[in-house]
Amino acid sequence: MSHHLVEAIDVYYAYPDGHHALQGISFRISHGESVAVVGANGAGKSTLLMLLLGLMFPARGEVRVGDALVTRKTLPLVRKAMGMVLQDPDDQLFMPTVFDDVAFGPRNAGLDEREVARHAESALQAVGISHLRGRAPFKLSGGEKRAASIATVLSMLPDILVMDEPTAGLDPRARRMVKDLLRGFSHTKIIASHDLELVWELCERTLVLTQGTVAADGPTRQVLGDAALMERCGLEVPYGLRACPQCGFTPATGRPTANA
Amino acid sequence: MNNTSLHDMRRLEDLARLDTFVHRRHPVVKLLTTLAFLGVVVSFGRYEIGPLLPLVFYPVVVLSAAEIPAVPLLKRVLWAAPLILGVGVLNPLLEHGQVLVGGLALSRGWLTFLSLSLKSLLTVTAALLLIATTGMENVAAALRSLGVPRLFVLQLLLTYRYISVLGEEVERTLKAYALRAPGQHGVQRAAWGSMVGQLLLRTVDRAERVYQAMCLRGFAGEYHGGAGARISATDLAYGLSWGLFFAIARVYDIPALLGALTLGGWM
Ligand SMILES: Nc1ncnc2c1ncn2[C@@H]1O[C@H](COP(=O)(O)OP(=O)(O)O)[C@@H](O)[C@H]1O
Ligand SMILES: [Mg+2]
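Residues numbered from 1 in each chain as written. Chains lettered and ligands numbered in written order. Predicted model: local features only at pLDDT ≥ 70, side-chain atom pairs only at ≥ 80, totals over all residues. Heavy atoms only, no water.

### Remarks on the overall build of chain A
Helix and strand content of chain A: 10 helices and 12 strands. For a compact globule of 260 residues, the expected C-alpha radius of gyration is about 18 Å, and chain A comes in at 19 Å, within 12% of that figure. Every one of the 260 residues in chain A was classed for burial, and the buried ones make up 54%. The contacts in chain A between residues at least 6 apart in sequence include a share of 61% that link residues at least 24 apart. Surface exposure of chain A reaches about 11,400 Å², of which carbon and sulfur atoms provide 51%. (Helix = DSSP H or I, 4+ residues; strand = E, 2+ residues; numbered from the N terminus. Rg over C-alpha atoms; globule rule 2.2 N^0.38 Å. Buried < 20%, exposed > 50% of the residue type's maximum accessible area, 1.4 Å probe, protein only. Contact = heavy atoms within 4.5 Å. Areas by Shrake-Rupley, 256 points an atom, 1.4 Å probe, with all protein chains shown as cover.)

Here you go:
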């Protein structure tokens, strides 16, 4: 594929129980971008990511990845281009050892065992857990599980990394570790999170969801700096990222505002 | 590590990663050996308890040779106990009359019950030992290489996964309940219904998410195990020796023979 576009065009989705989770979402993400999808609990972030990967299909509108419309037929193509790290590592990790889990994708791709091992090892190395290869995933610490989950996706060499709440439930150190990892990846990234610090540091662009609609889509500094918008969408910007009422310093521009 | 109560079938998979003589045997050979064992056990008649006894030798030998700790394995066998008892317990009630065993008159019903229980115990133990020495993924791969249809193997694997997931959810729910009902033993009858309902919903949800995770990584119904090793001479010898033993145990009544031998020597 020449350009790794991810595009949603007026996407609607309702769960079988009738809940309208997404109501007319449109955006376009191009190669190499790091995009955050933020929004309060229940805003529709996870639903949106699942639609991108074809775990579910829109009721209306369409999702495109690369040149392909996401349909049942194009799923292998879509999932080769795009890897998703689920919110709960316990769902992501199901094989008896970390290595087998990381090798699961490459094996499904039909690589021979030597290639499988090569891909798995380099993915384990990329997240710094080579030493855990023989361990049972369900016995790892929270941070280790997260790293392993990421490795299971990296081993498939995706162009686009999609993550659902990559820092949820992690202690500060593990959270720092994950952030540093993600920063190091050159993939196109789509990260759903309400960890706004992470968003601030990692994503140059932010999409705000509220009740299944896009409330804002723009440069992260600008979006997170919009106090009214954040308030309206039920998001709390951390103090470190807010404008300082005393000196007038705003992280959005990196310099004091004139009217402080 | 929280290895409380049910803490899951996954412990079996841990065991599957030990490296012993038994573990190193080829999955296909172990699978066939297990199937042969099951076949022989099941083939005994309902009143034949004596001839069944030598077969206990198999799980005992595999257990010790594979360095599998007996307690966790037996615990899992016990899960199946209610089922076994449920099936067998009616026999003493339904079946009347007596059989003579070595000069003793025994009730037919109780004999059937005993042999059923013994058979179930042996088969369940053998199946668990197969998983504990081979790993479920390898068992699945072995089934596939023996030509068992893909869908069937897949179903088996997913059921197995589902059981592990269910175990974990049960544990979580019980923990949450216990924390909010201190000083209470067990779960109150009134809470049972909603609890079981919740559990089912959560388990189905989770099983589905796990399945999604598999699909996202290119899973298309086929499990690809690691390297497909060849069957070695040792593997063959292992399988054949057990096969021979099963055959002898099936054809000859070993306890009776031994009895005759010792008695013969005496008199
Ligand atoms: N399986 C489901 N069935 C019905 N409703 C659901 C299901 N999953 C999520 N929802 C609802 O859809 C909305 C969006 O959920 P989700 O995408 O998970 O939000 P987020 O990830 O932003 O917290 C929520 O209101 C949620 O209750
Ligand atoms: Mg979510």
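### A short note on the overall build of chain B
Summing up its helical and strand segments, chain B has 13 helices and 2 strands in all. Within chain B, buried positions represent 43% of all 267 residues. In chain B, the share of contacts with a sequence separation of at least 24, taken over all contacts with a separation of at least 6, comes to 78%. With the model as given, the accessible surface of chain B reaches about 14,700 Å², and the carbon-plus-sulfur share is 70%.

### Section: the pairing of strand β8 (residues 188-192) of chain A
All names here are of chain A. Counted residue by residue, β8 has 5 buried out of 5 residues, so it is predominantly covered. Here strand β3 (residues 34-38) pairs with β8 via 4 bridges, running parallel. Looking at β8, one finds that V35 is bridged to I190. Handedness of the crossover is the feature at issue here: the chain leaves strand β7 (residues 160-164), passes through helix α7 (residues 172-184), returns alongside β8, and the resulting connection is right-handed. (Pairing = 2+ DSSP bridges. Right-handed = clockwise from strand over helix to strand, strands pointing away.)

### Some points on the packing of helix α3 (residues 27-43) of chain B against helix α9 (residues 136-145) of chain B
Residues and elements named next belong to chain B. Orientation of α3 relative to α9, taken along the N-to-C sense of each, is 85°, at an axis distance of 9 Å. As far as their axial angle goes, α9 and α3 are roughly perpendicular. Facing α3, whose interface residues are P27, V28 and L31, α9 presents N138, V139, A142, L143 and S145. Classifying every residue of the contact of α3 with α9 by side-chain character gives 6 nonpolar, 2 polar and no charged. (Axes fitted to C-alpha atoms, helices over the stretch in contact; angles between N-to-C directions. Parallel < 35°, antiparallel > 145°, perpendicular 65-115°, else oblique. Nonpolar A, V, L, I, M, F, W, Y, C, P; charged D, E, K, R; others polar.)

### As for the nonpolar core
Considering soluble globular proteins, one finds that nonpolar side chains tend to be buried as a cluster. Ranked by size, the top nonpolar core spans 47 residues in total, and within it V127, I150, L182 and V208 of chain A carry the most contacts. Beyond its immediate stretch of four places on either side in the chain, V127 of chain A contacts A147, I150, A151, L154, L181 and F185 of chain A. If you look at the next biggest cluster of nonpolar residues, it comprises 44 residues, including V22, L73, V139 and Y160 of chain B. (Core = buried A, V, L, I, M, F, W, Y, C linked by side-chain atoms within 4.5 Å.)

### A word on the site of ligand 1
All names here are of chain A. Contacts to ligand 1 come from Y15, D17, H19, A21, A40, N41, G42, A43, G44, K45, S46 and T47. The side chain of S46 places a nitrogen or oxygen atom 2.7 Å from an oxygen atom of ligand 1. Between ligand 1 and T47 there is a distance of 2.5 Å, counted from an oxygen atom to a side-chain nitrogen or oxygen. For ligand 1, whose accessible area on its own is 560 Å², the fraction buried by protein is 64%. Looking at which element gives the most residues to the shell around ligand 1, the answer is helix α1 (residues 45-52), with 3 residues. Residues that form the shell around ligand 1 fall into these classes: 4 nonpolar, 6 polar and 2 charged. (Near = heavy atom within 4 Å. Polar contact = N/O pair within 3.5 Å; in protein donor to acceptor, adjacent residues only side chain to side chain.)

### Side note on unusual backbone geometry
Peptide bonds are, in most cases, trans, and in most cases residues other than glycine have a negative phi. Despite not being glycine, D10 of chain A shows a phi value in the positive range, around 45°. For D10 of chain A, the position within the fold is in strand β1 (residues 6-14). The class for D10 of chain A is partly exposed, based on a relative accessible area of 33%. Of note, the phi angle at E67 of chain B is positive, near 55°, even though the residue is not glycine. Within the fold, E67 of chain B resides in the loop between α4 (57-65) and α5 (70-79).

### Digging into helix α8 (residues 108-134) of chain B
Residue and element names in this part refer to chain B. The end-to-end C-alpha distance of α8 is 39 Å, a good match for the 39 Å that 27 residues give at a rise of 1.5 Å each. Most of α8 is tucked away, with 20 of its 27 residues classed as buried. Phi for G135, located one or two positions after α8, is positive at around 90°. (Expected span 1.5 Å × (residues − 1).)

### Some words on the interface of chain A and chain B
Taken residue by residue, the interface counts 27 residues in chain A and 27 residues in chain B. At the boundary of chain A with chain B, total buried surface from both sides reaches about 2,400 Å², with 57% on carbon and sulfur atoms. Interface area lost by chain A to chain B is led by D91, F94 and F138 of chain A, which between them contribute 26%. Along the contact surface separating chain A from chain B lie 3 salt bridges. The residue R217 of chain B makes a salt bridge to D101 of chain A at a minimum N-O spacing of 3.3 Å. Mapped by element, the contributors of at least two residues to the side of chain A that touches chain B are α3 (89-92) and α4 (98-108) of chain A. The element contributing the most residues to the side of chain A that touches chain B is α4 of chain A, with 5 residues. (Buried area = accessible area lost by both parts, 1.4 Å probe. Salt bridge = Lys/Arg side-chain N within 4 Å of Asp/Glu carboxyl O.)

### Here we look at the sheet that holds strand β6 (residues 82-85) of chain A
Picture the strands of a sheet paired through backbone hydrogen bonds; they go either parallel or antiparallel. Residues and elements named next belong to chain A. The strand order β6-β7-β8-β3-β9-β10 describes an open sheet built from 6 strands, whose pairing is mixed. Strands at the two margins of the open sheet, each flanked by one partner only, are β6 and β10 (213-219). Geometrically, the sheet is characterised by an average inter-axis angle of 15° between neighbouring strands, direction not taken into account. This element, helix α6 (residues 142-154), spans β6 and β7 of the sheet and lies at about 165° to β6.

### Considerations on the pattern of salt bridges
Residue and element names in this part refer to chain A. Counted under the stated rule, the structure contains 21 salt bridges over all chains. Among the ionic pairs, R64 bridges to E62, the shortest N-O distance being 3.3 Å. Residue R175 is joined to E197 by a salt bridge in which the shortest nitrogen-to-oxygen separation is 3.0 Å. Within this pair, whereas R175 is found in helix α7, its partner E197 is found in helix α8 (residues 196-202), the two being separated by 22 residues in sequence. Relative accessible area serves as the criterion here: at 30%, E197 is assigned to the partly exposed category. Taken together, the shared-partner salt bridges in this structure form one network comprising R176, K179, D180, R183 and E201.

### Examining the confidence of the model for chain A
Residues and elements named next belong to chain A. Per-residue confidence for chain A gives a mean pLDDT of 89, with 92% of residues at or over 70. Within chain A, the lowest mean pLDDT, 48, falls on strand β12 (residues 255-256), and the highest, 97, falls on β3. Note that pLDDT drops below 50 for residues 255-260; the model gives that stretch 10 contacts with residues more than four away or on any other chain. (pLDDT = per-residue confidence, 0-100.)

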